[in-house]
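# What the coordinates show
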Amino acid sequence: MSFLKPACARTFVPSKVVLTFNPNRMNKFFKFRLLPGMLFILAVLASPAYGQGFRRIFNIPGSFCRDMVQRPNGDLILTGGIRADGRIFLQQVDASGYLLWANHLDRSGAHGRALCLTPDGGFALLAESYPDGGQLKNLLLKFNAAGALQWETVLNNPSLNNKFRDLIATPDGGFALVGDTRIQTPAVEQEVLFLKLDADGNQLWAATLGFAGANDLVSRLVQLPNGDLVAAGERRPLGQTASDYFLIRTNSQGDLIWKQWYDKPGYQNAKDLLATPNGELLVIGETYQLNPARQTILKTNGVGDERWYRDAAVLTQDPGGSYQSLVNCFTGDAGGNTFVAAFDSARVALTKYDPAGDLLWKKISNVSDIPYAVTLTADGYFVIAGETEVPGQATLMKIDADGNYLNFFNQLSGRIFRDENNDCLYDTSENATLNFAIEARNQFGESYYQTASPDGQWSMAVSEGNFQVFARPVGSPDYFWTICDTPAIQIAGINQAYTVPDIGAGAILDCPFLEVQLSAGLIRRCTSSYYNVHYCNYGTRTADDAYVLVVPDPLQSYEFSSIPLAGGIGDTLRFEVGDVAPGECGTFNIRFLLSCQAQNGQTICAEARIFPDTLCNLEAPGWDGSDLYITGACNGGTVQFTVKNQGVGDMAAAVDYVIIEDQIMFAQGSLQLAASQDTVLTLDNADGYSYYLLTDQTAGHPAPGRPSAAVDQCNGGSGQSLQLLLPADDEAPAVDLFCDEVVGSFDPNDKMGFPLGWKDEHYLEPGREIEYRVRFQNTGNDTAFLVVIRDTLSDVFDLQTLRPGSASHPYTYALTLGGVAVFTFQQILLPDSTTNEPASHGYVNFSVYPRADLPLGTKIENSAAIYFDFNEPIITNTWFHTLGVPLLSAVPDDPTRTGVLRLSIQPNPVGESAWLRVEGAVPDVEKEFLLFDARGRLLRRENFQGKQLLFEKGKLGAGLYFYRLQSADGRSGAGKLIVH
């Protein structure tokens, strides 16, 4: 059996990860990484069966939450007040309690008392203590679905201003309210005022009802399925201090159906009212003048006949002897059980009654919050809204139906230190700054994360279980450190505090380890763009005299930088950043002007590289010391790829390479180079196609990634931009390549995933990270103070690998258990596009790996919702990738391959037939001809010998096709043809 009350039930999903930091992109060595400056508040990487409680404190001094309603999608709207500045507290949070928008209205000291959802998808707010004409009055405010104010009206209650207590939205689009009013009978009595308004806030009727010879104080209002209204409160006989619960039922026009009060011992203070679908009614409150005082519940049928009355739950005394209970709200579940949230003994308490009203249990937490509203979620949990007792801030907490997580989590704390003598024992001289993240993992699959402070201290909230504690370096590779073992920590029960033994981290290598990151927003021709350069030293020793080289695109020209330009050679710009200590990071900006010669849709690439970039792990097991680096360039009618071994050792074995031309595998081969040796691969490219060369490093290479280079659209050609479609060689930390397309007209709020993916299917190799970029623009007519991006990640992603990245503005980050990544730009002050178009843009990047167990052909889709202040969200486009065969996997291990076949086809475009010819001297060996359509699907396969093949159109339709020729001696070639 479910219950009806103004605060409707809603679904809540617990939080997983919360980070607060000035963002920059993390490096790609680890599945999870935190940067210095991030505050890792809480991470609960858990199955739904464990660790679902949470508590949110909204950081607004003097705030409190008086009521809440749940939207159909699980979001919560909260209202109350802000005592510090007299504003109405009003905000919407998602299913994990994270802010979506805030609209804290200034109404001269008024605060929110009650909320209700409206049939049009919006909501209404009843406020009190609004100054008007020298009196304090009630306000009714109507908002649309996005939280924007539509209208407001001052409510008329002539005899008792400011005494409306509750409201509901009626099915006709209007509103019903109840409050207290005064009448002369001949004595002055207080009765209940029912008020009905239309959808625009105009009064339709008013009705005054109550009990003769008493003052009636109303608390709540509900509407029954047939449209009748029921109000609950307490009846106080004139001249007496005792009081009793009452119920008054009217029809939808305010005509009295029945009224009843219930004579019980003690002084009863009514607080909340519930109605069941079959018309039964429950009233909850506090009863004093008993010894001891109690929570009490009254249940009646639909005509007011008492079913039962219960007073079994004692109000606990505090150590000083006074009762400290505030019973404001209750709710029920589908089984007919009733749950009362209270402030008991200066703590949050939850009491459960069965359908017969018998007390099942009462549990008191360790949290000093005052609860004002409670609702049941779809997953059987409860969400409680209120405020902290001291100093007074709005709160939101979630507990399960058994009262677990009232005490929330246990506490683990400890210290990690740099173990200078590698004895795993801490001494006072071992105080070097470290960048480490701590993970605590139990047998249930729950993982909790926290970053250590600069002095190595850490503390985290955890649930129950047998926990193993692990330390991970932040930024530097695992092989830099050896980590001392830590014992298992057994935690039973709740509200426990455990200190983990000190964790020693001994440095294996003594060297700097620099990382650089490059990012920018929109790139437009004839327009300046700001590039952000961020760098960090994640090594164990200071990087002396560090500098960054930035190579802009040939179509970009340097205008300005936030630090001095130290010089450069040719198009390479040099920026001195000085000594960078271990753990130190820095940021600077560069402004580039893009030439008007750039074309919309053209790819623009800039590269940053930081020095010293020495690979420290010269003794990595099995590594021969080689280090391949590839560059590519247009050279007249050819493309030249230079592959250089810039390492200190000769390659011990050959590695394969593959060359891609637009949509096809153009050539393949292998190479083996001595230290400092290079080789040049030259391709004819009279038509200006795009080419991409990919190879592997030799076994044991300590840096991630594969060497690659792309040359796009030489001599104004029309080939695809392989710079964007295929992975760039920027996974090594010391280098970062940023590429993007020039835009003209564009969607200002969009999403892209890099690399974009090969061919129309956006093929992505397994094991490749996707870097998503969400761009946004304030196209409204006023400054945006809050921007929130919510990105729901499906189960195809490995959420533990999600890494927040660089952004245009500082933001906070959270990842919920439901896989929702939330990026919040508080006080972003983003101007509107009509006031300052260049500054109206923003962006955020984040990276994530698909799950490793996904089969080939899996489609990976992702989109995001962008919220500007309290407007409705803007949904971005959906970007997708398809998991495809690794590019190098189809290359046979054949050391006899020596080159590329040079091919021609005449005529081209093709009518009915054409001759395909192999140019130059080639062995007379068997050759295989393959024909593909524009989407890469194989259409035709034919074997022949000699140097030419008659190509016949046959049943092919008009359009663009790609062909490939492979010979038995390992050579290959490819090209395009057009069929009329």
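The model shown is predicted, which means the values in this text are computed figures rather than measured ones.

### A short note on the overall build of the chain
- Each helix and strand counted, the chain has one helix and 74 strands in total.
- Residue burial in the chain is summarised as follows: out of 980 residues, 59% are buried.
- Considering only contacts in the chain between residues 6 or more positions apart, those separated by 24 or more positions represent 62%.

### Quick look at the state of the cysteines
- Applying the stated criterion across every chain yields a total of four disulfides.
- Here C424 is linked by a disulfide to C484, with a sulfur-sulfur distance of 2.0 Å. Of note, the bridge from C424 to C484 carries an S-S torsion of about -95° and is left-handed in sense. Placement of the pair is C424 in the loop between β31 (410-418) and β32 (436-441) and C484 in the loop between β36 (481-483) and β37 (489-491), with a sequence separation of 60 residues.

### Brief notes about the packing of aromatic side chains
- Within this structure, the stated rule accounts for 24 aromatic pairs.
- Centre to centre, the rings of Y547 and F611 are 5.0 Å apart; their planes meet at 15°, and the pair counts as stacked. With a gap of 64 residues between them, Y547 in strand β42 (residues 543-551) and F611 in strand β47 (residues 603-611) connect regions that are remote in the sequence. Accessibility assignment for this pair places Y547 and F611 in one class, buried.
- The interplanar angle of 75° and the centroid separation of 6.1 Å between the aromatic rings of Y772 and F797 together place this pair among those described as edge-to-face.

### Things to note about the nonpolar core
- F776, V787, I789, F797, F823, F825 and V844 are the most contacted members of the largest nonpolar core, which totals 30 residues.
- In terms of residues, this core owes the most to one element, strand β62 (residues 820-830), which gives five residues.
- Excluding anything up to four places from it in sequence, F823 contacts V787, V788, I789, P804, Y811, T812, Y813, V844 and F846.
- Judged by nonpolar contacts, the second largest core, of 29 residues, contains V516, L518, Y535 and L555.

### Regarding the sheet that holds strand β27 (residues 359-364)
- On the basis of which strands lie adjacent, the open sheet formed by four strands has the order β24-β25-β26-β27 and antiparallel pairing. The sheet terminates laterally at β24 (326-332) and β27, the two strands that pair on one side only. Taken over all neighbouring pairs, the strand axes of this sheet differ in orientation by 20° on average, direction set aside.
- Both strand β25 (residues 338-344) and strand β26 (residues 347-353) contribute to a ladder of seven bridges, which runs antiparallel. In the strand pairing of β26, V340 is matched with T351.

### Concerning unusual backbone geometry
- Look at the link from Q906 to P907: it is a cis peptide, with omega at -10°.
- Non-glycine residue S129 carries a positive phi angle of around 65°.
- Structurally, the position occupied by S129 is in strand β9 (residues 123-132).
- Classification of S129 as buried rests on a relative accessible area of 19%.
- Unusually for a residue other than glycine, S676 sits at a positive phi of about 70°.
- Counting through the fold element by element, S676 comes out in the loop between β51 (664-671) and β52 (678-684).

### Things to note about the environment of E430
- Among the structural elements, E430 can be located in the loop between β31 and β32.
- Note: C-alpha distance between E430 and F417 (13 residues apart in sequence) is 6.5 Å.

### Some details on the pattern of salt bridges
- All told, the structure shown has 36 salt bridges when counted by the stated rule.
- Across the salt bridge formed by D94 and R790, the nearest N and O atoms sit 3.3 Å from each other. One end of the pair, D94, is in the loop between β6 (87-93) and β7 (99-102); the other, R790, is in strand β59 (residues 784-792), with 696 residues separating them in the sequence. The same class applies to D94 and to R790, which are both buried.
- With its nearest N and O atoms 3.2 Å apart, the salt bridge here joins D613 to R609.
- One salt-bridge network, in which partners are shared between bridges, spans D67, D166, R220 and D272.

### Looking at the sheet that holds strand β16 (residues 214-223)
- The antiparallel open sheet is built from four strands, whose spatial order is β16-β17-β18-β19. The outermost strands of the open sheet, each flanked by one partner alone, are β16 and β19 (256-262). Sheet twist, expressed as the average angle between the axes of neighbouring strands with direction ignored, equals 20°.

### Focus: the confidence of the model for the chain
- On average, residues of the chain score 81 in pLDDT, and 85% of them reach the 70 mark or higher.
- Note on residues 318-322: pLDDT is under 50 here. Beyond four places in sequence and across chains, it has three contacts.

### Some details on the side chain of K299
- Position of K299 among the secondary structure elements: in strand β22 (residues 294-300).
- Relative accessible area serves as the criterion here: at 11%, K299 is assigned to the buried category.
- At 3.3 Å, the side chain of K299 forms a polar contact with the side chain of E280.
- Sequence-distant contacts of K299, that is, excluding residues within four places in its chain, are made with E280, L281, L282, D305, E306, R307, W308 and P355.

Reading the values: the criteria
- Residues numbered from 1 in each chain as written.
- Predicted model: local features only at pLDDT ≥ 70, side-chain atom pairs only at ≥ 80, totals over all residues.
- Heavy atoms only, no water.
- Helix = DSSP H or I, 4+ residues; strand = E, 2+ residues; numbered from the N terminus.
- Buried < 20%, exposed > 50% of the residue type's maximum accessible area, 1.4 Å probe, protein only.
- Contact = heavy atoms within 4.5 Å.
- Disulfide = S-S within 2.5 Å.
- Phe/Tyr/Trp six-rings, centres within 6.5 Å; stacked < 30°, edge-to-face > 60°.
- Core = buried A, V, L, I, M, F, W, Y, C linked by side-chain atoms within 4.5 Å.
- Pairing = 2+ DSSP bridges.
- Axes fitted to C-alpha atoms, helices over the stretch in contact; angles between N-to-C directions.
- Salt bridge = Lys/Arg side-chain N within 4 Å of Asp/Glu carboxyl O.
- pLDDT = per-residue confidence, 0-100.
- Polar contact = N/O pair within 3.5 Å; in protein donor to acceptor, adjacent residues only side chain to side chain.

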